[in-house]
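Residue-level structural notes
So you can see what is in the structure, the chains are spelled out below.
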Amino acid sequence: MLNIALPKGRLGEKVYAMFEAAGYECPSIKENNRKLIFENTQKQVRYFWVKPSDVSIYVERGAADIGVAGKDILLEYEPNIYELLDLDLGKCRMAVAAPKSFHDDGMRTLRVATKFTNIAARYYAGLGREIDIIKLNGSIEIAPILGLSDVIVDIVETGTTLKENNLEVIAEILPISARLIANKASFKFKSAEIENIMRSMKEQVSKK
Ligand code: PRP
């Protein structure tokens with residue numbers, strides 16, 4: 001049985017469609033209910049929906065053989081997994097944003113609010129800039145508006161959230177997209193199935 005962790009939410013259905021096209025369909029997953037685990041015994045596959053930021057935990061520990069996770073999560077937590085393929089889905093950027101009126105004179109410690117503390121720390125260390133990191137878990141855009149931070153480091157997709165909160169991108173850190181990932185032992189012991197999926201997905205990506 002191949003265990004596959006799918007990211008619940010915006011990306012999930014597109015990701016499942018790619019597995020389906022690779023020959024690992026599981027029709028019951030399309031039933032509209034609140035179940036989180038679905039299985040097709042004939043295809044020897046089991047899917048489960050997990051929080052996008054948890055996919056790499058399931059894969060790293062072998063509860064899932066493969067899964068799909070954002071590059072943001074892989075860079076932030078550096079899980080011990082194999083990154084197999086860029087799926088060219090869920091594309092966005094990791095960026096620094098600030099209120100339109102913000103001016104950085106570079107003189108004092110910069111207060112940075114973010115969910116991605118490691119990415120932010122590495123980025124500013126690379127610039128040699130001293131920062132004070134404020135770890136938040138969501139609604140990061142509020143922090144500079146309320147004076148909790150000077151800037152934020154966050155994901156920007158369409159830019160709508162920034163715009164509606166009078167913030168703007170002041171620096172791009174990295175482009176982000178969804179990646180197919182595998183547990184290291186599974187990659188060895190279930191290599192035929194995993195390579196099969198990888199091959200099909202590569203083809204699907206190139207045809208997009
Ligand atoms: C992300 C990010 C921004 C938003 C950006 O949040 O933190 O808030 O998307 O998208 P936009 O540029 O298209 O407006 P997400 O919805 O993933 O959830 P979160 O609030 O838990 O971070």
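Since this is a predicted model, take the numbers as computed values, not measurements.

Here is what the cut-offs are and how they apply
- Residues numbered from 1 in each chain as written.
- Predicted model: local features only at pLDDT ≥ 70, side-chain atom pairs only at ≥ 80, totals over all residues.
- Heavy atoms only, no water.
- Buried < 20%, exposed > 50% of the residue type's maximum accessible area, 1.4 Å probe, protein only.
- Helix = DSSP H or I, 4+ residues; strand = E, 2+ residues; numbered from the N terminus.
- Arc of directions from axis to C-beta.
- Contact = heavy atoms within 4.5 Å.
- Axes fitted to C-alpha atoms, helices over the stretch in contact; angles between N-to-C directions.
- Left-handed = near helix turned anticlockwise from the far one by under 90°.
- Nonpolar A, V, L, I, M, F, W, Y, C, P; charged D, E, K, R; others polar.

A few words on helix H1 (residues 12–21). Restricting attention to buried positions, one finds in H1 the residues Gly12, Val15, Tyr16, Met18 and Phe19. Here the buried residues of H1 occupy an arc of 155 degrees about the axis, which is enough to place them on one side. Opposite the buried face of H1, by more than 90 degrees, sit the exposed residues Glu13, Lys14 and Ala21. Summarising the contacts, the buried residues of H1 are in contact with strand S1 (2–7), strand S3 (45–50), strand S4 (66–70), strand S11 (178–182) and helix H8 (191–207).

Another aspect to go through is helix H4 (residues 117–127). Taken residue by residue, H4 has Ile119, Ala120 and Tyr124 as its buried positions. Considered in projection along H4, the buried side chains sweep an arc of 120 degrees and stay on one side of the axis. Along H4, exposed side chains directed more than 90 degrees from the buried face belong to Ala125 and Gly126. In this structure, the buried side of H4 is in contact with helix H3 (71–77), strand S6 (92–99), strand S7 (110–114), strand S8 (131–135), strand S9 (151–156) and strand S10 (167–176). Looking one or two places after H4, you find Gly128, whose phi comes out positive at around 70 degrees.

Secondary-structure assignment places Lys135 in strand S8. On the accessibility criterion, Lys135 (43% relative accessible area) is partly exposed. Separated by 18 residues in sequence, Lys135 and Thr117 have C-alpha atoms that sit 6.5 Å apart. Those residues within four positions of Lys135 in sequence are excluded, and the remaining contacts are Tyr77, Thr114, Lys115 and Thr117.

In contact at an axis separation of 9 Å, H1 and H8 are set at 115 degrees when each is read in the N-to-C sense. Here H1 runs over H8; the crossing is right-handed. The segment H1 lies against H8, with Ala17, Met18, Phe19 and Ala21 engaging Ile197, Ser200, Met201, Gln204 and Val205. Considered class by class, the residues forming the contact of H1 with H8 number seven nonpolar, two polar and no charged.

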